[in-house]
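# Notes for the structure review
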Amino acid sequence: MKINNIKIQVFSILVLLSIGCDDKEFLTEYPKTFYTTDNIFSSETQLDQILITTYSGLRSLSQNPQILGMGTDVFDSPSFRTSQSFTDYSRINAETTQFRTIYDSYYNEIKNANTVLSPEILDGVSFESENSKKYIIAQARFFRAYCHGMLAELFGGVPIVTELVNEPRYDYVRATREETYQFAIDELEAIVNDLPETTPQGGRLVKGVALHYLSEFYLGLGIETSNIAAYDNAIKYASDIIDGDTYALMTERFGTRMNEENTITGGADVWWDLFRLGNQNYSDGNKESIWTYQFDFNAYVEGDRNSFMDYPYRFGPVYRWIAGFDGLGDDAGGYGIASYAPTPLIEFAIWDESISAGDQRNAEHNISRKIFYNDPVNYPDLAGKQVPQEVIEASDAGRGGIFPIFYKLNTDKYQGLDQGENRRNIFRDKYAIRLPETILLRAEAYHRKGENQNAADDINLIRARAQCEIMATAADIDINYILDERARELYAEESRWNTLLRMGGTVATDRIKEYALHPHVALTLTFDYNLWPIPQSAIDRNKDVKMEQNPGWNR
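Within each chain, residues carry numbers counting from 1 in the order of the written sequence. This being a predicted model, a pLDDT of at least 70 is required before a residue's local features are given, and a value of 80 or more before pairs of side-chain atoms are given or counted; all residues contribute to the totals for chains, interfaces and linings. Note that the side-chain values use all heavy atoms of the structure and ignore hydrogens as well as water.

### A word on the overall build of the protein
Secondary structure follows DSSP: runs of H or I at least 4 residues long count as helices, runs of E at least 2 residues long count as strands, and numbering of each begins at the N terminus. Scanning the protein from terminus to terminus reveals 22 helices and eight strands. Relative to the globule expectation of 24 Å for 555 residues, the C-alpha radius of gyration of the protein, 25 Å, shows essentially globular dimensions. Expressed as lengths along the three principal axes of its C-alpha atoms, the size of the protein is roughly 90 × 60 × 50 Å. Looking at the protein as a whole, 56% of its 555 residues qualify as buried. Contact definition: two residues touch when any of their heavy atoms are within 4.5 Å. Counted over contacts in the protein with a minimum sequence separation of 6, partners at least 24 positions apart contribute 71%. A total accessible area of about 23200 Å² is found for the protein, and carbon and sulfur atoms account for 48% of it. Radius of gyration: over C-alpha atoms. The globule rule applied is 2.2 Å multiplied by the number of residues raised to the 0.38 power. Only protein chains enter the area calculation, which uses a 1.4 Å probe; residues under 20% of their type maximum are buried, those over 50% are exposed, and those in between are partly exposed. Accessible surface is estimated by sampling points in the Shrake-Rupley manner with a 1.4 Å probe; for residues, cover comes only from the protein chains shown.

Spelled out as structure tokens, the structure:
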């Protein structure tokens, strides 16, 4: 059972009454019904609809290209789309729309959470049971904590908003980053035991989600304050998940296509299974799935026009530029327009044989690097032959739109082709958290405590599942090694900007400069930063209290 987004609409009927001929009396409105926050909500179901709206809002935000990592060390727009690049710092500043969109989106979800938690609303609602009331409140407090924590990672200290605001305010005060993390942590610790261990409804919050973000925010707090106790707490909460009885890495083939192979390339393994339709939820038998965003073709057809991922379209290469290749088939990786292209880190560096020999995640059925001519009508002599590298390079010269197909972002079997779909979209559920990310959080916390052997042991849990021939050693472990492993495992899953900025120092700018897709980065990224700018619009509208800009962005 999936979460469906249902919009709540309240209609007020206003009746104009006229008595006599008095103009003033004629223009007086007498509403027969008048809804306010004091009387509009009466049932648990109504509050749950606000939560469903919040789930839906975060689902949409999870597909934002900057949230996914646009302009970091993992991907950017290709050369023929440089005007859309998020690494041209001659154009990126506090007025850049992307910053405002993300900042405002998180505060909109905080507003939804505060609506549910507003005492004047809660007091008037009838709940089915005390447990169901606790779960409603726990979900709302989770969302409020999560959004503040995400803002802390990206923007640093931000205004902490805990009450429903019904009229404009211009006097918000920024908390420190430490205070913002601590608020998120306190909220999560207050409700972690009110969340269920598992749930049959895909996408609903469970205890493991809160434990994961407690680990992540404690890790961020430790980096911000150099407090070893914070790292200990990050390890503790991650261990509650990793060493508990609920979750485990999937090590054997499973799910809807466990007896099949990739129909384009041949071959399959458990990594491939993780990203096949119908395999993403814990209730599907996927024991490493902690939280998912819900997508569904039937919901899409019925009107939920956000219930799709356009990964084959945005992340898909443009093989049709190659003469002799018909770009409309399944083997084209979807109807790709290459809005985003992998950086050299993702395409080559992390897969070097000296590091990743034998790694399943780089197998041809998971990252397809071979292209075969497929147009026997117009090019009968070429059909079925592999396209030579020199032809690929000539076809792609100056454009950057031809690159491997990442099957975690794609499929070999498209839905809805008989209903007007054209290989642009996939409709599987999207991971918000898989167990490997929790393991990598604990590995990082161990490393920051100086316990590199423990960090290596954690990373090797993931590398062993991937059947890597080379295991990590304590001597290998540093932040770059951890970030590279996150890239191998979590490309286009993790919020890469959150990861890089959370790490502080010059980690973000160092990695971007080293692995950026375009040479303009070296020319325009002339300052170091570890926070995004507070959107100028937020500073301008807060007219009663001066809101300081983050360092480096007063340009």
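What follows picks up the thread again.
### What about unusual backbone geometry?
Even without being a glycine, Ala338 presents a positive backbone phi close to 50 degrees. Mapped onto the elements of the fold, Ala338 is located in the loop between helix 12 (311-314) and strand 5 (341-342). Its identity is not glycine, yet Ala492 carries a phi of approximately 65 degrees, on the positive side. Relative to the assigned elements, Ala492 resides in the loop between helix 18 (479-490) and helix 19 (496-502). Its relative accessible area of 6% is what places Ala492 among the buried residues.

### Things to note about the nonpolar core
Among buried residues, those of type Ala, Val, Leu, Ile, Met, Phe, Trp, Tyr and Cys that are joined through side-chain atoms within 4.5 Å constitute a nonpolar core. One finds Tyr106 and Trp291 to be the most contacted residues of the largest nonpolar core, which totals 134 residues. No other element matches helix 6 (residues 130-155), which puts 14 residues into this core.

### Some points on the confidence of the model for the protein
Chain-level pLDDT for the protein is 93 on average; 93% of the residues reach the 70-or-more range. Per-residue confidence from the predictor is reported as pLDDT, a score between 0 and 100. Put simply, strand 1 (residues 14-16) is where the protein has its lowest mean pLDDT, 28, and helix 16 (residues 435-448) is where it has its highest, 99. Contacts for the low-pLDDT stretch residues 5-35, under 50 throughout, to residues beyond four places or in other chains number 33 contacts.

### Observations concerning the pairing of strand 8 (residues 430-434)
Burial analysis of strand 8 places five of its five residues in the buried class, the great majority of the element. For two strands to pair, DSSP has to find at least two bridges joining them. Summarising the sheet, strand 4 (residues 289-293) and strand 8 pair through four bridges and their orientation is antiparallel. Following the sheet pairing, Tyr293 is matched in strand 8 by Lys430.

### Things to note about the packing of aromatic side chains
By convention, a stacked pair of Phe, Tyr or Trp rings (six-membered ring in the case of Trp) has centres within 6.5 Å and planes under 30 degrees apart, an edge-to-face pair has planes over 60 apart, and any other such pair is tilted. Scanning the model with the defined rule gives 41 aromatic pairs in all. Here Tyr89 and Tyr529 contribute two aromatic rings whose centre-to-centre distance is 6.0 Å and whose plane-to-plane angle is 50 degrees, an arrangement assigned as tilted. Here the residue Tyr89 occupies a position in the loop between strand 3 (75-76) and helix 4 (97-117), and Tyr529 occupies one in the loop between helix 21 (520-524) and helix 22 (536-541), the gap between them amounting to 440 residues. The pair Tyr89 / Tyr529 is uniform in exposure class, with both members buried.

### Description of the layout of surface pockets
Grid spacing is 1 Å over the protein atoms alone, the probe is 1.4 Å, and a cavity is where that probe fits but cannot get out, while a pocket is an open set with protein on both sides within 12 Å along at least five of seven lines and lining residues have an atom within 4 Å of a point. Grid points are joined across faces, edges and corners, and a volume is the space filled by probe spheres set on the points. Here the largest pocket is characterised by a volume of approximately 520 Å³. What lines the largest pocket is a set of 21 residues, and nearest its centre among them are Tyr107, Val161, Val165, Tyr172 and Arg541. Contributions of two or more residues to the lining of the largest pocket are made by helix 4 and helix 22. Counting residues per element, the lining of the largest pocket draws most heavily on helix 4, at seven residues. As a working rule, the residues Ala, Val, Leu, Ile, Met, Phe, Trp, Tyr, Cys and Pro are called nonpolar, Asp, Glu, Lys and Arg charged, and the rest polar, with Gly in that last group. Residues that form the lining of the largest pocket fall into these classes: 12 nonpolar, three polar and six charged.

### What to know about the pattern of salt bridges
Salt bridges are defined as contacts in which a side-chain nitrogen from Lys or Arg sits within 4 Å of a carboxyl oxygen from Asp or Glu. Enumeration over the complete set of coordinates arrives at 40 salt bridges. Notably, a salt bridge pairs Arg91 with Asp88, separated by 3.4 Å at the nearest N-O pair. Across the pair Glu288 and Arg465 runs a salt bridge, and its minimum N-O distance is 2.6 Å. Taken as a pair, Glu288 in the loop between helix 10 (270-274) and strand 4 and Arg465 in helix 17 (residues 452-465) lie far apart in primary sequence, 177 residues in all. The same class applies to Glu288 and to Arg465, which are both buried. Bridged by salt links that share partners, the residues Glu288, Asp359, Arg361, Lys408, Arg434, Arg463, Arg465, Glu485, Arg488, Glu489 and Glu493 form one connected network.

### Here's the deal with helix 6
The terminal C-alpha atoms of helix 6, which comprises 26 residues, lie 37 Å apart, in line with the 38 Å expected from a rise of 1.5 Å per residue. The element helix 6 is largely enclosed, with a buried count of 20 among its 26 residues. Phi turns positive one or two residues past the end of helix 6, at Gly156, with a value near 85 degrees. Given the number of residues in a helix, its expected span is that number minus one, multiplied by 1.5 Å.

### Description of empty space enclosed by the protein
On inspection of all chains with the given rule, the structure shows seven cavities of 30 Å³ or more. Approximately 240 Å³ is the volume found for the largest cavity. Forming the boundary of the largest cavity are 26 residues, of which Tyr146, Tyr213, Ala432, Glu494 and Ser495 lie nearest the centre. When residues of the lining of the largest cavity are assigned to their parent elements, the largest contribution, four residues, is made by strand 8. Residues belonging to the lining of the largest cavity are distributed by class as follows: 13 nonpolar, five polar and eight charged. Along the walls of the second largest cavity sit 16 residues, with Thr199, Arg204, Val206, Tyr282 and Ile290 positioned nearest its centre. Broken down by class, the residue content of the lining of the second largest cavity amounts to five nonpolar, nine polar and two charged.

### Concerning helix 2 (residues 44-61)
Under the 1.5 Å per step criterion, the end-to-end length of helix 2 is 26 Å for 18 residues, consistent within 8% with the ideal 26 Å. A large share of helix 2 lies buried, amounting to 13 of its 18 residues.

### Focus: the side chain of Asn286
Inspection of the secondary structure assignment puts Asn286 in the loop between helix 10 and strand 4. A distance of 2.9 Å separates a polar atom in the side chain of Asn286 from the backbone oxygen of Asn279. Any pair of N or O atoms that falls within 3.5 Å is considered a polar contact. Within protein, one atom must be able to donate a hydrogen and the other to accept it, and sequence-neighbouring residues count only if both atoms are side-chain atoms.

### Quick notes on the environment of Leu345
Examined against the element boundaries, Leu345 turns out to sit in helix 13 (residues 344-347). Placed 165 residues apart in sequence, Leu345 and Asp510 show a C-alpha to C-alpha distance of 13 Å. Leu345 has contacts with Asp73, Val74, Ile350, Asp484, Ala487, Arg496, Arg511 and Tyr515, leaving out every residue within four places of it along the chain.

### Quick word on the packing of helix 2 against helix 4
At a minimum axis separation of 9 Å, helix 2 and helix 4 run at an interaxial angle of 165 degrees. In this view, helix 2 runs roughly antiparallel relative to helix 4, as classed from their interaxial angle. Relative to helix 4, helix 2 is oriented so that their crossing is left-handed. Touching Leu47, Ile50, Leu51, Thr53, Thr54, Gly57, Leu58 and Leu61 of helix 2 are Ile102, Ser105, Tyr106, Glu109, Asn112, Thr115 and Val116, all from helix 4. Among the residues making up the contact of helix 2 with helix 4, the classes are represented as eight nonpolar, six polar and one charged. To get an axis, fit a line to the C-alpha atoms, keeping to the stretch in contact for a helix; angles then go from 0 to 180 degrees between the N-to-C directions. Comment on the angle field: the value is read as roughly parallel under 35 degrees, roughly antiparallel over 145, roughly perpendicular from 65 to 115, and oblique elsewhere. Note on convention: the crossing is left-handed when the near helix lies turned anticlockwise from the far helix by less than a right angle, right-handed when the turn is clockwise.

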